[in-house]
Amino acid sequence: MPDGRPFFVIGQRSGSDLTVWQVQAAPESPEELAEACGEIRWDAHDAGGSVEIVYAANTQEAEATARREAAETAEQISQDLTRQRAKAARHPRRRVLYRRA
């Protein structure tokens, strides 16, 4: 079990940036957490946002954790894309020409 209690961090992600709209305590029961998360995600999705569940001691720590995780995720995606591009450059696709008989 992660440290702290669960919090919903509601906002909009754009790359490594996270615009936080709201942070609220989430239910600690797994069943209640799943149900509440589904409802909140639906509303956030309608507004063009998303919901992250983070475990923290308080709302400020929850927001900081969500921002850090967004930045780390964006950095990991950037590194993965860089590796894929480098691999593609080393191994270009070969064109196969077919002759009609």
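Residues numbered from 1 in each chain as written. Predicted model: local features only at pLDDT ≥ 70, side-chain atom pairs only at ≥ 80, totals over all residues. Heavy atoms only, no water.

Visitor: How should I be thinking about the sheet that holds strand E3 (residues 50-56) in this particular structure?
Guide: Backbone hydrogen bonds are what pair the strands of a sheet, in a parallel or an antiparallel way. Read across the sheet, 3 strands follow the order E2-E1-E3 without closing on themselves; strand pairing throughout is antiparallel. The two strands at the open ends of the sheet, each matched to only one other strand, are strand E2 (17-25) and E3. Ignoring strand direction, the axes of neighbouring strands in this sheet form an average angle of 35°. Where strand E1 (residues 5-14) meets E3, 7 bridges bridge the pair, whose relative direction is antiparallel. When the bridges of E3 are listed, Ile10 appears paired with Val51. (Pairing = 2+ DSSP bridges. Helix = DSSP H or I, 4+ residues; strand = E, 2+ residues; numbered from the N terminus. Axes fitted to C-alpha atoms, helices over the stretch in contact; angles between N-to-C directions.)

Visitor: Got a minute to help me understand the nonpolar core in this structure?
Guide: Across soluble globular proteins, you tend to see nonpolar side chains buried next to one another. By size, the foremost hydrophobic cluster in this structure holds 9 residues: Phe8, Ile10, Ala26, Leu33, Ala36, Cys37, Ile40, Ala44 and Val51. Of all the elements in the fold, those that place two or more residues in this core are E1 and helix H1 (30-46). If you tally residues by element for this core, the top one is H1, at 5 residues. Those residues in contact with Cys37 that lie beyond four places of it in its chain are Phe8 and Ile53. Counting residues in hydrophobic clusters, the runner-up holds 8 residues, among them Val9, Leu18, Ala66 and Ala70. (Core = buried A, V, L, I, M, F, W, Y, C linked by side-chain atoms within 4.5 Å. Buried < 20%, exposed > 50% of the residue type's maximum accessible area, 1.4 Å probe, protein only. Contact = heavy atoms within 4.5 Å.)

Visitor: Even after reading the chapter, I still don't get H1, so can you show me in this structure?
Guide: For H1, spanning 17 residues, the distance from its first C-alpha to its last is 24 Å, which sits close to the expected 24 Å at 1.5 Å a residue. Leu33, Ala36, Cys37, Ile40 and Ala44 are the residues of H1 that are buried. Viewed along the axis of H1, the buried residues span an arc of 110°, placing them on a single side of the element. The exposed set on the far side of H1, more than 90 degrees from its buried face, consists of Glu31, Ala34, Glu35, Trp42, His45 and Asp46. Those residues of H1 that are buried lie in contact with E1, E2 and E3. Following H1 by one or two positions, Gly48 has its phi on the positive side, about 85°. (Expected span 1.5 Å × (residues − 1). Arc of directions from axis to C-beta.)

Remember that the coordinates give geometry; whether it matters functionally is a separate question.
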